[in-house]
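Okay, here's what each chain looks like letter by letter:
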Amino acid sequence: MKWIYSVSLAVTLAMQPAFADELFGQHPLTPEARDAFVTDLLKKMTLDEKIGQLRLITVGPVVTKEVIRDMIQHEQVGAIFNTVTRQDIRAMQDQVMQLSRLKIPLFFAYDVIHGQRTAFPIPLGLAASWDLDAVAQVGRISAYEAADDGLNMTWAPMVDVTREPRWGRVSEGFGEDTFLTSAMGRTLVESMQGKSPADRYSVMTSVKHFAAYGAVEGGREYNTVDMSPQRLFQDYLPPYKAALDAGSGGVMVALNSVNGVPATSDSWLLKDVLRDDWKFKGITISDHGAIKELINHGVASDPRDAVRVAIKSGVNMSMSDEYYSKYLPGLVKSGEVSEQEIDDATRHVLNVKYDMGLFNDPYSHLGPKGSDPVDTNAESRLHRSEARDVARKGIVLLKNRLETLPLKKSGTIALIGPLADSQLDMIGSWSAAAVAAQAVTLRQGMENAVAGKATLLYAKGANVTDNQGIKDFLNLYENAVQDESRSAQQMLDEAVATAQKADVLVVAVGEARGMAHEASSRSDITIPPSQLKLLDALKATGKPLVIVLMNGRPLALVKEHQQSDALLETWFSGTEGGNAIADVLFGDYNPSGKLPMSFPRSVGQIPIYYNHLNTGRPYNAQKPNKYTSHYYDAANGPLFPFGYGLSYTSFDVSPVKMSATTMPRNGKVTASVTVTNTGDRDGATVVQMYLRDQVASISRPVKELKGFKRIMLKAGESQTVSFPIDVEALTFWNARMQQVAESGKFSVMIGLDSAKTQNAEFTYL
């Protein structure tokens, strides 16, 4: 290991009893060595010291660094959240070494969701790349930057499958599909933890939110989840298990209830499923303040009772409340909680600290004091080229009438819209330690692209919203939305005048980042009225209209789709977003992103998702019938289907070729197609394979994603893409909650989105 001890640690240890000398050293990072070490350490700990390890404290206005120093001295803290500079982290670890009896190191955690100092696209944008290599790169860089700040754990990845675009935290996840979300979560765990979370530039992940948080009713934050066991195990639980099988050392417990039981009090979920069935050995951590909330849920009568319920249900560590330290000693004394239950929870906390390498070196992610960066926000600490490349891959071309895009780097271009020059919105929600002032806006990116070649005009045109209540809400915790001194009409008039001078209009509209965040559920998922008025006025000029969307959820875009000549989904693209979007707009990069969620035509269609069950009266758009499952006032399908995305070139997919028409039990078959780039530009696309169990013991989805591959083809080039199909792809949970693969016919559907596919079938014997 590069750095063994800091000077302060060495001096401190020299003054401690013999057991402190034994605590630190070069301990083998194996489960056997860890278990022996932790067992021995537990014997040396008092009850208060054990309970202190179960508290994760959030640094903030209420619990200041000075308050935490006192907590450390009295053995009341095991980990710290919300401190992200080496100097602060070093000072707190020094306090442990100087003030506490046993010198058990703290670990430090933060929400590193899509980058630490370099903001990459929001997770929904990462999922739109369908590029696991790119996502792995994001994970490695995010872990590097987080560890370089002294952090040991991240509250990520979020693998909550959701079919609810009204939910604000859609932006933080990977969309509606179980298979895609599992692949993304697995990749991030492996890349962020590396070979070991103890490595200098790795961090431990804490997958969240366990479980089914993305299925909250009505898309309303913190709401109830109620679903059948089959749906829970088939659709919502697999991504968590994929992340844990990949080695995630932590699990953050969800705030919602599942079938009437709050996750924080659900011993079936946290013990029977997580520990017994899945053999998870890591740590469970409550979400922020969740133990207190058991009283509101109605499953605990008072704070003391809430602590009893949570610890006995399997919540090892309490985030951001004082309840464990305040009530656990009395609960143990009364016999309502056993010391063995305290030991079990403490063991999990100590286990992850051991796995983090903190008992080898409490300062392992800090290095020598003299190595601290002079400027925490130094430009040299960013990874701009990687951020730009990843951002381009997740941009989705939704419409391109008469090849409006790519734009020419000539003539006069008008860039208009409230999001066109917003650095804060570009980096998106949950942007960790990223500095908005370091972000490249679309305006800057386009200026960089056309410098000396074309004239770029700019007008804001409108506020993100003119609704004062929404502006007040968005500005509660940060100065997120600026009020213009000019009137809405003045801005609109300027935008129209600017547009009339241009050959083509690029309009950046959508959501402020705070509109797509925790606690930002929306009942209306259209673009705000202030921006719709701007689009109407610009459409009336008759100039070609390119709409650039910036948003953290699927939006209802029927009118905008009709108005636009080209429609580009860019999400919140991160630190290098402006350059990345400009690369696509001007054809320096050929768009290849695909939607990870279906885009509805209206909020009234929700939930709308591609892998739905059929009904006894399915709707057929080619042969409409009144008495079938559909809306009579709107088209039945989504505006843009799952997996959809266009390119500046065209691709042809051949009929599916099966290696065999029958698949023996526990055997395999292979489905193949040949994909040809039939256009005149090089480009990438994502080939997607879906399966359907045609007849089963319970109704099965009309199709399910079971494989995908991103390929790059030169103009005129062809490539054969093959997908192996094994029994795992055919299994499901039946009515008796058994995981089975039943014999019968299966449809194979391969295409470039979920709606248009080439089809074949085989029989599973």
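Residues numbered from 1 in each chain as written. Predicted model: local features only at pLDDT ≥ 70, side-chain atom pairs only at ≥ 80, totals over all residues. Heavy atoms only, no water.

1. Brief notes about helix α16 (residues 339-355)
What sets the pattern is the α-helix's 3.6 residues per turn: residues three or four places apart point alike. Taking 1.5 Å as the rise per residue, α16 with 17 residues should run 24 Å; its terminal C-alpha atoms sit 24 Å apart, in good agreement. Burial analysis of α16 places twelve of its 17 residues in the buried class, which makes it a mostly covered element. For α16, the complete set of buried residues consists of Glu341, Ile342, Asp343, Ala345, Thr346, His348, Val349, Leu350, Asn351, Val352, Lys353 and Tyr354. Directly after α16, the chain includes glycine 357, whose backbone phi takes a positive value near 80°. (Helix = DSSP H or I, 4+ residues; strand = E, 2+ residues; numbered from the N terminus. Expected span 1.5 Å × (residues − 1). Buried < 20%, exposed > 50% of the residue type's maximum accessible area, 1.4 Å probe, protein only.)

2. Let's talk about the packing of helix α3 (residues 31-44) against α16
Two elements in contact, α3 and α16, have axes whose closest approach is 10 Å; the angle formed by their N-to-C orientations is 130°. By the angle between their axes, α3 is oblique relative to α16. Like other packed secondary-structure pairs, α3 and α16 cross with a definite hand, here right-handed. Between α3 and α16, the residues in contact are Ala33, Arg34, Asp35, Phe37, Val38, Thr39, Leu41 and Leu42 and Asp343, Thr346, Arg347, Leu350, Asn351, Tyr354 and Asp355, respectively. Here the residues of the contact of α3 with α16 are counted per class, giving seven nonpolar, three polar and five charged. (Axes fitted to C-alpha atoms, helices over the stretch in contact; angles between N-to-C directions. Parallel < 35°, antiparallel > 145°, perpendicular 65-115°, else oblique. Left-handed = near helix turned anticlockwise from the far one by under 90°. Contact = heavy atoms within 4.5 Å. Nonpolar A, V, L, I, M, F, W, Y, C, P; charged D, E, K, R; others polar.)

3. Observations regarding the environment of valine 112
If you trace the backbone, valine 112 turns up in the loop between β3 (107-110) and α7 (123-127). It is 9.4 Å that separates the C-alpha atoms of valine 112 and threonine 205, two residues lying 93 residues apart in sequence. In contact with valine 112, other than residues within four places in its own chain, are Ser142, Ala146, Leu151, Thr154, Ala156, Met192 and Ala432.

4. Brief notes about the pairing of β3
Of the two faces of β3, the one holding Phe107 and Ala109 and the one holding Phe108 and Tyr110 are both buried throughout. In this view, the connection linking strand β2 (residues 79-81) to its parallel neighbour β3 by way of helix α6 (residues 86-99) has right-handed handedness. Where β3 and strand β4 (residues 153-154) come together, two bridges link them in parallel fashion. Among the inter-strand pairings, tyrosine 110 is bridged to a residue of β4, identified as threonine 154. (Right-handed = clockwise from strand over helix to strand, strands pointing away. Pairing = 2+ DSSP bridges.)

5. Side note on unusual backbone geometry
The omega torsion across alanine 156 and proline 157 is -5°, close enough to zero to call that bond cis. You can see proline 157 is positioned in the loop between β4 and α9 (178-193). For the bond running from leucine 405 to proline 406, omega is 5°, close enough to zero to count as cis. Take proline 406: it is sitting in the loop between β11 (396-400) and β12 (412-416). Positive phi values are uncommon outside glycine, yet lysine 279 reaches one of about 60°. As for its position among the elements, lysine 279 is in the loop between α12 (267-277) and β9 (283-285).

6. A word on the packing of helix α21 (residues 488-500) against helix α22 (residues 529-539)
Packing of α21 against α22 leaves a shortest axis separation of 10 Å and a crossing angle of 30°. When the interaxial angle is binned, α21 and α22 end up roughly parallel. Handedness of the crossing formed by α21 with α22: right-handed. Together, Gln489, Leu492, Ala495, Val496 and Ala499 of α21 and Lys533, Leu534, Ala537 and Leu538 of α22 make up the contact between the two elements. Among the residues making up the contact of α21 with α22, the classes are represented as seven nonpolar, one polar and one charged.

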